[in-house]
Amino acid sequence: MGKIMDKDDFLYPRGRYYGHVKPENLVFNANLQEFAQRISYICNLETGGKLTPDEAYEQIKALWKQLKKTKKQLQIGETPFQGDDGESTSS
């Protein structure tokens, strides 16, 4: 008998991360994938007439603010020229 898929795995599938492996990157990637999945749902609901364009916009705007807050909290991109050891990687 095959494995029964978890509902959350089905509704919110996650792709494998191939970027620079650091805890904050992994957390941000998970948040980014969730953001993309939710945006897709909102677009489909608006296309199907279940949400008005204004409701879809407001929901997407709220999700964007959440993603920006997470990026800032994780300090993603704030030290773009530093390696894992904290040393500058530019020449």
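Keep in mind that this is a model prediction, so the values were computed, not measured.

Quick notes on the overall build of the protein chain
Along its length, the protein chain carries 3 helices and 0 strands. Put simply, the protein chain runs from its N terminus to its C terminus through helices and strands in the order α-α-α. At a minimum sequence separation of 6, the contacts of the protein chain that also span at least 24 residues come to 48%. If you sum the accessible surface of the protein chain, you get close to 7,600 Å²; carbon and sulfur atoms cover 55% of it.

Observations concerning helix α2 (residues 23-47)
For α2, which comprises 25 residues, the first-to-last C-alpha distance of 36 Å matches the rise-based estimate of 36 Å (1.5 Å per residue) to within 8%. Where α2 ends, the next residue or the one after it, Gly49, has phi of about 80 degrees, a positive value.

Section: the packing of aromatic side chains
Enumeration according to the criterion identifies 1 aromatic pair in this entry. With a centroid separation of 6.0 Å and 55 degrees between ring planes, the pair formed by Phe35 and Trp64 is classed as tilted. Taken together, the positions of Phe35 in helix α2 and Trp64 in helix α3 (residues 53-74) put the pair 29 residues apart, joining distant regions of the chain. A relative accessible area of 46% means that Trp64 is categorised as partly exposed.

As for the nonpolar core
As a rule of thumb, soluble globular proteins bury nonpolar side chains together. Membership of the largest hydrophobic core is limited to 9 residues, which are Phe28, Phe35, Ile39, Ile42, Leu51, Ala56, Leu63, Leu67 and Ile76. Among the elements that take part in this core, α2 stands out by supplying 4 residues, more than any other.

Re the confidence of the model for the protein chain
Taken over all residues, the pLDDT of the protein chain has a mean of 84, while the share at 70 or more is 75%. Of all helices and strands in the protein chain, the one with the weakest mean pLDDT is helix α1 (residues 7-11) (65), whereas α3 scores best (97).

A short note on the side chain of Thr70
Position of Thr70 among the secondary structure elements: in helix α3. Apart from the residues lying within four places of it in its own chain, the contact partners of Thr70 are Phe28 and Asn31.

Calculation notes
Residues numbered from 1 in each chain as written. Predicted model: local features only at pLDDT ≥ 70, side-chain atom pairs only at ≥ 80, totals over all residues. Heavy atoms only, no water. Helix = DSSP H or I, 4+ residues; strand = E, 2+ residues; numbered from the N terminus. Contact = heavy atoms within 4.5 Å. Areas by Shrake-Rupley, 256 points an atom, 1.4 Å probe, with all protein chains shown as cover. Expected span 1.5 Å × (residues − 1). Phe/Tyr/Trp six-rings, centres within 6.5 Å; stacked < 30°, edge-to-face > 60°. Buried < 20%, exposed > 50% of the residue type's maximum accessible area, 1.4 Å probe, protein only. Core = buried A, V, L, I, M, F, W, Y, C linked by side-chain atoms within 4.5 Å. pLDDT = per-residue confidence, 0-100.

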